[in-house]
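Geometric and topological summary
Chain by chain, the residues run as shown.
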Amino acid sequence: MIYFDHNATTPVLPEAAAAMQPWLSEHYGNPSSVHRAGRLARQAVEEAREQVAALVGAQASEVIFTSGGTEADNLALHSVGGLGARLLVGATEHAAVLEAASARAGQGLELDILPVDQNGLIAQSSLAERLRRDVPQLVSIMWANNESGVIQDIAALGDCAQRAGALMHTDAVQAAGKLPIDFAASPVDLLSLSAHKIYGPKGVGALVRKRHVGIAPMLRGGGHEGGLRAGTENLPGIVGFGAAARSARLELEQRQAHVLGLRTRLEAGLAQMPQVRLFAASVPRVANTCQFGLQGFQSEALLMAFDQRGIAVASGSACHAGSGKPTHVLLAMGYDEDTAHSAIRVSLGQQNTAAEVDRFLSELDDILRQQAPAYAAGLFAS
Ligand code: PLP
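Just so you know, these numbers come straight off a predicted model, no measurement behind them. (Residues numbered from 1 in each chain as written. Predicted model: local features only at pLDDT ≥ 70, side-chain atom pairs only at ≥ 80, totals over all residues. Heavy atoms only, no water.)

1. Some points on the sheet that holds strand S2 (residues 63-66)
An order of S2-S8-S7-S6-S5-S3-S4 is seen for the 7 strands of this open sheet, with the pairing classed as mixed. Each having just a single partner strand, S2 and strand S4 (110-114) make up the two edges of the open sheet. Strand-to-strand twist across the sheet, computed as the mean angle between neighbouring axes with direction ignored, equals 20°. One ladder, built from 3 bridges, connects strand S5 (residues 138-140) with strand S6 (residues 167-171); its direction is parallel. Across the sheet, the residue bridging to valine 139 is methionine 168, located in S6. The strands that helix H4 (residues 95-106) touches are strand S3 (86-90), S4, S5 and S6; relative to S3, the one it contacts most, it runs at about 160°. (Pairing = 2+ DSSP bridges. Helix = DSSP H or I, 4+ residues; strand = E, 2+ residues; numbered from the N terminus. Axes fitted to C-alpha atoms, helices over the stretch in contact; angles between N-to-C directions. Contact = heavy atoms within 4.5 Å.)

2. As for the pairing of S6
Of all the 5 residues making up S6, 4 are buried; the element is thus mostly covered by neighbouring parts of the structure. This β-α-β element, S5 to helix H6 (residues 154-164) to S6, shows right-handed connectivity. Pairing of S6 with strand S7 (residues 190-194) involves 3 bridges; the strand directions are parallel. Opposite threonine 170, over in S7, you have leucine 191 as the bridge partner. (Buried < 20%, exposed > 50% of the residue type's maximum accessible area, 1.4 Å probe, protein only. Right-handed = clockwise from strand over helix to strand, strands pointing away.)

Shown next, in the form of C-alpha cells:
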C-alpha cells in the first residue's frame, strides 16, 4: 500500500514501539503507587513528560497528559467560563475545537468565529479589529491546518490576543514535529498535542499550559496530573509519546527536508494536469501537506478509485470522511461546494519515496481518464 494520509495518523515509529513494550508487560506498576513498581512507572511518565516538553520548548511541569488532541482541545476550551465569558475561534479549526466551542456556547458562553481569507489565513489586522469590539476570555487558533497544511502566524496572532487581555490557545497537533515550536518564547498560553500525528501511539496527547493559566478539570477522580486530569495514566502510551517526541525533535529538519522534496515533486506533476487546482499554494504550509481540487470530479469517487489501486489518500479531515459533507475548511476559504467536494489531501510521511509520488501521479492521470466519461454521463453528479 502507498500511504499518503499521515495527517490522519502515522505509523508508530519502531523506537517508540520498542520503548513501550516493557511497559505493556513486565513493568505494569501504577505510577501513583508508592512501592518500587509504582515508582518505576512514575519515573517513566516523568521522563516522557520531559521529552514531550522538549519537543515544544516547554517545561515538563507545564505538560498535562490527556487521551489525545481532542481531549486537550476540549480541556483548553472547558477552562474558560464565568458570567458573560466569550470565546473566539478560527473558522477552519479542527472539529475538536469547533464542537467543544459550540458545546460551550450551548452552556451560555458567547461564541464568535473568526473568518479566514481565501488562503485560509487569519490576518492579524482582522483579529485586532475583532478584539476592538469585545475581548474574549480565550482565542483559539490552530498553528497548522490538518487539511490544507496552512500555517498561521501564531507569534503575531497570539501577541495581538494577549495584548488585548485574552488567553491564547493553539491546536498544534499538526504543527508539532513539523515546525520548530518554542512554547516558552511564544505568546501562547495553552497548546494541544497528539502523539499519533508524530509517529507515536493513538489515544495519548497533552495540553501544555503556562503556569498562570487556570485549568477547570473535565474529569474528576484521583489527583492525577496535578489534579487537572484524573485517571490512571496511560503508561505505555505516554512512554511511546515521549519516545516519538524525542525522535521528532532530533530529526525535525531532516524529516521536513524529506517530505518537502517529495511534495515539490508531487506539485510539479500536478501542475501538468489542467483539472488540478492547488489550495493555499502561495502561503506557508507544513511541508508534508498538499490539498488540491479536481475540477469536475468528486473526491469520494476518486478516493475509492485510489483505494482500489492500493493508495490511501483523503479528501479532508478523517473526522468528516463518510459524512458526505464538503470540508468546512475550503468553504471557509470561500470555495464553492463543488470545488470543496472535489478536494484531495495528500499528507506525506517519512517512509514515502519519490517512486511512490510518481506512481500516484500516473494512477491519478489514469483515474481521471477513466472517470471523465463517467462524470460526463452524470454518474458522479451529486
Ligand atoms: N486537532 C487537529 C488539528 C487534528 O488534526 C486532530 C486529529 O485529526 C485532532 C486535533 C484530534 O487529535 P486526536 O486524534 O489525538 O484526538
